[in-house]
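Fold and contact review
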Amino acid sequence: MSCHHCHNEHCEEHEEIHNEKEEKLSIYLYGIGILFFVLSLIPIFIPFKIELVVLAILFTGYELLWNGIKNIFHLNFEEETLMAIAVISAFALGEYLESCLVIILYRLGEFLEERASNKSNESIKEIVKIKADTANRVVENTVTTVDIKEIKVDDKILIKPGEKIPVDCKVIYGESEIDTSSLTGESTPVYVSKGDEILSGGVNLTGAITAVVLRDAKNSAASQIVDLVYEATNNKGNTEKFITKFSKIYTPIVILIAVLIAIVPFIFKLDIKEWIMRALIFLVASCPCSLVISVPLSFFTSIGKISKKGMIIKGTKHIEKLAKANIIAFDKTGTLTTGLMKIEKLEVFKPYEKEEVLKYMYSLEMLSNHPIGSAIKNYEQNIEQKEVEDYKEISGHGLYGRIEGKEVLFGNNKLLEQYEVEYDTSFPQEAIYLSIDKQIAGYITITEEIRKEAYNMVDALKRVGIKQTIMLTGDNKKSAEKIGGELKLDTVKSSLLPQDKLKEIEELKKSGKTVIFIGDGINDSPVLASSDFGIAMGAGTNIASITADGILLSNNLGSLESIIKTAKRAMRVVKANIVFSLVVKAIVLILGAMGIAPIWLAILADTGVTFLTVVNAIVNIK
């Protein structure tokens, strides 16, 4: 693997320093070349005009000329080849200043393009920097700083305030706030304490924490995200592939036309010098670099911008599909909802009080693995947990135990019937009852916690051209329709097996629509792969293996509007750049063939248009 694609930060830093030195030298030599060109225009130096022009050409474009000449012998007709032919031919025809002007303007365009391109790469470089180089390994209370590659699963590490999270790990001691903005795009720090899992790539802000390693550096989130970004920039879409093929066919054709223009005077006995200059102007103006550079750069920029909004996309080819999407289908649990439960309704009956009912419910539930315990705890803080005797869990029914000498049941109506407890059949069917000594003390109804940002999501998606929003879930009809109604989804389809979801997606695609599916990336893998653009929620344990085309690291459905906007802007910029480049080039090519366009105009049609299209990509993709 070359240094350019190397994921080792030391290699990247070395290359960056080397490139900076080369750039400074190139600018220094370019300045000297400009000085020689200016001197050649001063009357006092007219006797040395040719020598000064030669020096100006060599200082400003020695590398271009050398590469161009080598390419001629290899029959490799790239941009540098065309420029070298134009410079040498113009000089041979006695057009010394024109020859020098070709190099000067071309190199100026190159400098401007490079500056603009470097700016567009900044967001990608920021992502690469999320990887840490070292970690503080803890062995028998001794802390040693080691290379991150030496860290293994189950090692203990110390993460100090201000340090990057080196690998995916679980906190075993301490508490802190973690800046996860580089991963999720969310600016609000995340509080972590004992038992919380944290992904590599974030920054520890406040307190020192000790953690146990869950995944080594290679398999941690930061490394996989960087790998995906590199993979994405090499994964071309249809438009990019078309431009690559277009340039391979287009360049030989224009060279052939230029040759034909050059031999016209020999056939019709016209001014040889004038027609060769026309051929050179045609050759210079014809270079397709504005397309070859600006189109991939537009996609590259959009990949970077979207990643800063909290989504990693596995290839620029997916930008086109994301921009065309008009249907979005959602899984329910873990996608539209957080996967957590919350108490929707609490009913308490006399003589019991609310705090007493919650205390009994909580004491039983905290001995179970069921998520209802968390729902009760979140409903009211600081609930007292009592000691439970004779605890048992009755599968499919509920929980039993003795608390403070009382027989306590917490479960569904089947549990009450099993223990012969009378209850009102008019109570909600989904109620979970609390019985104390054969008497109903109260009940709760549970619902899934909907993601806060999901409530305004549908209206936002409609604003960016999404025509239909659909829920595809394996959950029951009542629960699905309740959540679908709250979120104003257009269609809700429930009680679906994975193969049923797959069938629904295939039917939607048959209508000619472009379909996005968003799921949790585990049970929904077949559907994610089948949809036009599959989005997996969260980083997961192995994001590189998920079948999705995009991974919403932030889990923030509210960012979808902005992400789709960016994809649409990218496609508008690409199309505008293609049209602008082709129209300008067509005009200058015709004028050049007619002998109307000067060579400086041909240079502007090449480097000038390239610069403008590059700037358009950077400024307008947000």
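Residues numbered from 1 in each chain as written. Predicted model: local features only at pLDDT ≥ 70, side-chain atom pairs only at ≥ 80, totals over all residues. Heavy atoms only, no water.

Each helix and strand counted, the chain has 21 helices and 22 strands in total. When burial is assessed residue by residue, the chain has 48% of its 622 residues classed as buried. In the chain, 65% of the contacts between residues at least 6 apart in sequence involve partners at least 24 apart. Summed over its atoms, the accessible surface of the chain is roughly 30000 Å², and 57% of this surface lies on carbon and sulfur atoms. (Helix = DSSP H or I, 4+ residues; strand = E, 2+ residues; numbered from the N terminus. Buried < 20%, exposed > 50% of the residue type's maximum accessible area, 1.4 Å probe, protein only. Contact = heavy atoms within 4.5 Å. Areas by Shrake-Rupley, 256 points an atom, 1.4 Å probe, with all protein chains shown as cover.)

Moving on, we come to the sheet that holds strand β6 (residues 190–192). Spatial strand order, β6-β5-β8: three strands in an open sheet with antiparallel pairing. Of all strands in the sheet, those with a lone pairing partner are β6 and β8 (203–204), marking the two edges. Direction of pairing for strand β5 (residues 176–179) relative to β6: antiparallel, over a ladder of three bridges. Bridge assignment links Ser176 to a residue of β6, and that residue is Val192. (Pairing = 2+ DSSP bridges.)

Moving on, we come to the pairing of strand β1 (residues 134–139). Here β1 pairs with strand β2 (residues 142–147) via six bridges, running antiparallel. Bridge pairing in β2 links Val138 to Val143. Sheet topology places β1 next to strand β3 (residues 156–159); three bridges connect them, and they run antiparallel. Bridging from a neighbouring strand, Arg137 pairs with Ile157 of β3.

Here the focus is the side chain of Thr469. Take Thr469: it is sitting in strand β18 (residues 468–472). Apart from the residues within four sequence positions on either side, Thr469 is in contact with Ile328, Phe330, Val458, Leu461, Lys488, Leu489, Asp490 and Thr491.

Our next topic: helix α21 (residues 599–620). Under the 1.5 Å per step criterion, the end-to-end length of α21 is 31 Å for 22 residues, consistent within 8% with the ideal 32 Å. Regarding α21, the residues found buried are Ile599, Ala602, Ile603, Ala605, Asp606, Thr607, Val609, Thr610, Thr613, Val614, Ala617 and Ile618. (Expected span 1.5 Å × (residues − 1).)

Here we take up the confidence of the model for the chain. When pLDDT is averaged along the chain, the result is 83; 87% of the residues meet or exceed 70. Throughout residues 1–9 the model reports pLDDT below 50, and contacts reaching past four residues in sequence, or to other chains, amount to 19 contacts. (pLDDT = per-residue confidence, 0-100.)

Residues Leu256, Val259, Leu260, Ile263, Phe266, Ile267, Phe268, Leu270 and Ile272 make up a contiguous nonpolar surface patch of about 880 Å² in total accessible area. Per element, the largest residue contribution to the nonpolar patch is seven residues, and it comes from helix α8 (residues 238–268). When you line up the elements, Val259 lands in helix α8. Given a relative accessible area of 44%, Val259 falls into the partly exposed group. (Patch = residues over 30% accessible without salt bridge, like charges linked within 9 Å, V, L, I, M, F, W, Y side chains within 5 Å. Salt bridge = Lys/Arg side-chain N within 4 Å of Asp/Glu carboxyl O.)

Attention shifts here to the packing of aromatic side chains. For the coordinates displayed, the defined rule picks out nine aromatic pairs. Ring geometry for Tyr423 against Tyr433: centres 5.5 Å apart, planes inclined by 50°, an arrangement best described as tilted. Here the residue Tyr423 occupies a position in the loop between α15 (413–418) and β16 (432–436), and Tyr433 occupies one in strand β16, the gap between them amounting to 10 residues. Tyr433 sits in the buried class, given a relative accessible area of 3%. Aromatic rings pair up to connect Phe349, Tyr423, Phe427, Tyr433 and Tyr443 into one cluster. Against the face of Trp275 rests Arg278, its NZ or CZ located 4.2 Å from the ring centre. Its guanidinium or amino end placed over the ring of Tyr400, Lys392 lies 5.1 Å from that ring's centre, counting from NZ or CZ. (Phe/Tyr/Trp six-rings, centres within 6.5 Å; stacked < 30°, edge-to-face > 60°. Lys NZ or Arg CZ within 6 Å of the ring centre and 35° of its normal.)

This brings us to the pattern of salt bridges. Under the counting rule described, the total for this entry stands at 20 salt bridges. Among the charged side chains, a salt-bridge network with shared partners connects Arg137, Glu150 and Asp155.

Taking strand neighbours across the sheet as the criterion, the six strands line up as β12-β17-β16-β15-β14-β13 in an open arrangement whose pairing is antiparallel. Each edge of the open sheet carries a strand with a single partner, namely β12 (337–348) and β13 (389–394). Here the average twist between neighbouring strands, direction ignored, is 15°. Looking at chain direction, strand β14 (residues 398–403) and strand β15 (residues 406–411) are connected through six bridges and run antiparallel. By the bridge assignment for β15, Tyr400 is matched with Leu409. (Axes fitted to C-alpha atoms, helices over the stretch in contact; angles between N-to-C directions.)

Moving on to the side chain of Thr473. Summarising the element assignment, Thr473 is placed in the loop between β18 and α17 (477–486). Not counting the four nearest positions on each side in its chain, Thr473 is found in contact with Lys332, Ala480, Lys493, Ser494, Ser495, Leu496 and Lys501.

Along an α-helix, a turn takes 3.6 residues, which lines up residues three or four apart on a common side. Along its 12 residues, helix α13 (residues 354–365) runs 16 Å from first to last C-alpha, staying within 8% of the 16 Å computed at 1.5 Å per residue. Of all the 12 residues making up α13, nine are buried; the element is thus mostly covered by neighbouring parts of the structure.

A word on the packing of α13 against helix α14 (residues 372–379). At a minimum axis distance of 9 Å, the contact between α13 and α14 shows a crossing angle of 150°. As far as their axial angle goes, α14 and α13 are roughly antiparallel. Taken as a pair, α13 and α14 cross one another with a handedness that is left-handed. Taking contact as the criterion, the partners of Lys354, Leu358, Met361, Tyr362 and Glu365 in α13 are, on α14, Ile372, Gly373, Ile376, Lys377 and Tyr379. (Parallel < 35°, antiparallel > 145°, perpendicular 65-115°, else oblique. Left-handed = near helix turned anticlockwise from the far one by under 90°.)

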